[in-house]
Amino acid sequence: MKNQLKTLALLGGLSVLLVGAGTLVGGTGNLVVFGAIAVALNFFSYFFSDKVVLAMNRAREVSPREAPRLHAIVQDVAERAGIPKPRVFIMEDDSPNAFATGRNPQHGVVAVTTGIMNILSERELRGVIAHEIAHIKNRDILIASVAAMIATAISIIASVARWAAIFGGPRDDDEGGNPIALIAFAIVAPIAATIVQLAISRAREYHADATGARFIGDPEALARALEKLDLASRRIPLHAAEAAPATASLFIVNPLSGQSMLRWFSTHPPLPERIRRLRAMAG
């Protein structure tokens, strides 16, 4: 519940930022225009992002005959979660990782690397699959799409504000405000929107950890898996994610964790904290 409320508060913050941005640049009329542009930009992403992400990460669908152990785990956890069994994909990569996609439970997809199947026990793999199915059950793809839509609109407005200031934007007595305010907004707003969007991503990771652990009644399974994944992913980079870093936020552990980044600009919460919370659940 705490993470759900945090997500709602962060989405509300993005919405307030969007309203303020549209009003600053040119009133509510322009806000409607920018909002429509953002919706159009993210419409394709929402309905077709699963196909794009799977292709970018070179994932292929596997049958129960090809991966009976994996399919059995996915089937069992999906039944416990009360959703249709997601489609199952495998990425030929030694780096251990996994992600889920699909705009709703009826279009769910779970993808894992060959590396994760090689290093995890069945119990630990079950914990990872539970986490990914929790993302599908919680409709995190929809939440991420809404956050991306608002953040995209803010970025578009910031770009307009920047060009308006450069080429002689409105004066103090105009509806859009003064050029100094436009320049300040153009710099600060996109950064603020990105920070909030990434905070939403981190909150959803915590929530998926807790939800998945409840599905299988075994928080320790995911805690042990995360410990192994943390060590192994640092040694073996995920090549697909390095080639397409925009997909990094989807994975259960950050495939770009070897790169230096500020905590506020991280797509994932700290692994030690995730593990601590899971073990607190286990008592």
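Residues numbered from 1 in each chain as written. Predicted model: local features only at pLDDT ≥ 70, side-chain atom pairs only at ≥ 80, totals over all residues. Heavy atoms only, no water.

Okay, the overall build of the protein next. Assigned secondary structure in the protein consists of nine helices and four strands. Taking all 283 residues of the protein together, the buried fraction comes to 53%. In the form shown here, the protein has an accessible surface area of approximately 13300 Å², with 62% of it arising from carbon and sulfur atoms. (Helix = DSSP H or I, 4+ residues; strand = E, 2+ residues; numbered from the N terminus. Buried < 20%, exposed > 50% of the residue type's maximum accessible area, 1.4 Å probe, protein only. Areas by Shrake-Rupley, 256 points an atom, 1.4 Å probe, with all protein chains shown as cover.)

For the rest of this paragraph, the subject is the pairing of strand 2 (residues 87-91). Among the five residues in strand 2, four count as buried, and that is most of the element. In the sheet, strand 2 pairs with strand 4 (residues 109-113) via five bridges, with the strands oriented parallel. Residue pairing in the sheet places Ile 90 in a bridge with Val 112 of strand 4. (Pairing = 2+ DSSP bridges.)

Our focus in this paragraph is the environment of Ala 199. Inspection of the secondary structure puts Ala 199 in helix 6 (residues 179-216). On the basis of relative accessible area, Ala 199 is assigned to the buried category, the value being 10%. Put simply, Ala 199 and Thr 267 are 68 residues apart on the chain and 7.6 Å apart in space, counted from C-alpha to C-alpha.

Evaluated as defined, the whole model comprises 16 salt bridges. Asp 209 is the salt-bridge partner of Arg 274, the closest N and O atoms lying 2.8 Å from each other. A residue pair is termed long-range when its members are at least 10 positions apart, and Arg 274 in helix 9 (residues 271-282) and Asp 209 in helix 6 qualify at 65 residues. A residue is classified by how much of its surface remains accessible, and Arg 274, at 1% relative accessible area, is buried. A salt bridge links Glu 227 to Arg 279; the nearest nitrogen and oxygen atoms lie 2.8 Å apart. Note that Glu 227 is positioned in helix 7 (residues 219-235) and Arg 279 in helix 9, a separation of 52 residues in sequence. Accessibility expressed as a relative area gives 34% for Glu 227, which makes it partly exposed. Members of the salt-bridge network, linked through shared partners, are Glu 220, Arg 224, Glu 227 and Arg 279. (Salt bridge = Lys/Arg side-chain N within 4 Å of Asp/Glu carboxyl O.)

Glancing now at the confidence of the model for the protein. Averaged over all residues, the pLDDT of the protein equals 79, while 66% of them reach at least 70. Confidence drops under pLDDT 50 across residues 170-176; counting only partners more than four residues distant or on other chains, this segment forms 18 contacts. (pLDDT = per-residue confidence, 0-100. Contact = heavy atoms within 4.5 Å.)

Further remarks concern unusual backbone geometry. Even without being a glycine, Arg 58 presents a positive backbone phi close to 55 degrees. With respect to the helices and strands, the residue Arg 58 is situated in the loop between helix 1 (2-56) and strand 1 (59-61). Of note in the backbone geometry, Arg 139 takes a positive phi value of approximately 55 degrees without being a glycine. With respect to the helices, strands and loops of the structure, Arg 139 is situated in the loop between helix 4 (122-137) and helix 5 (140-166).

Let us now look at helix 7. The end-to-end C-alpha separation of helix 7 is 25 Å, in line with the 24 Å expected for 17 residues at 1.5 Å each. Residues Pro 219, Glu 220, Ala 221, Leu 222, Ala 223, Ala 225, Leu 226, Leu 229, Asp 230, Ala 232 and Ser 233 constitute the buried set of helix 7. (Expected span 1.5 Å × (residues − 1).)

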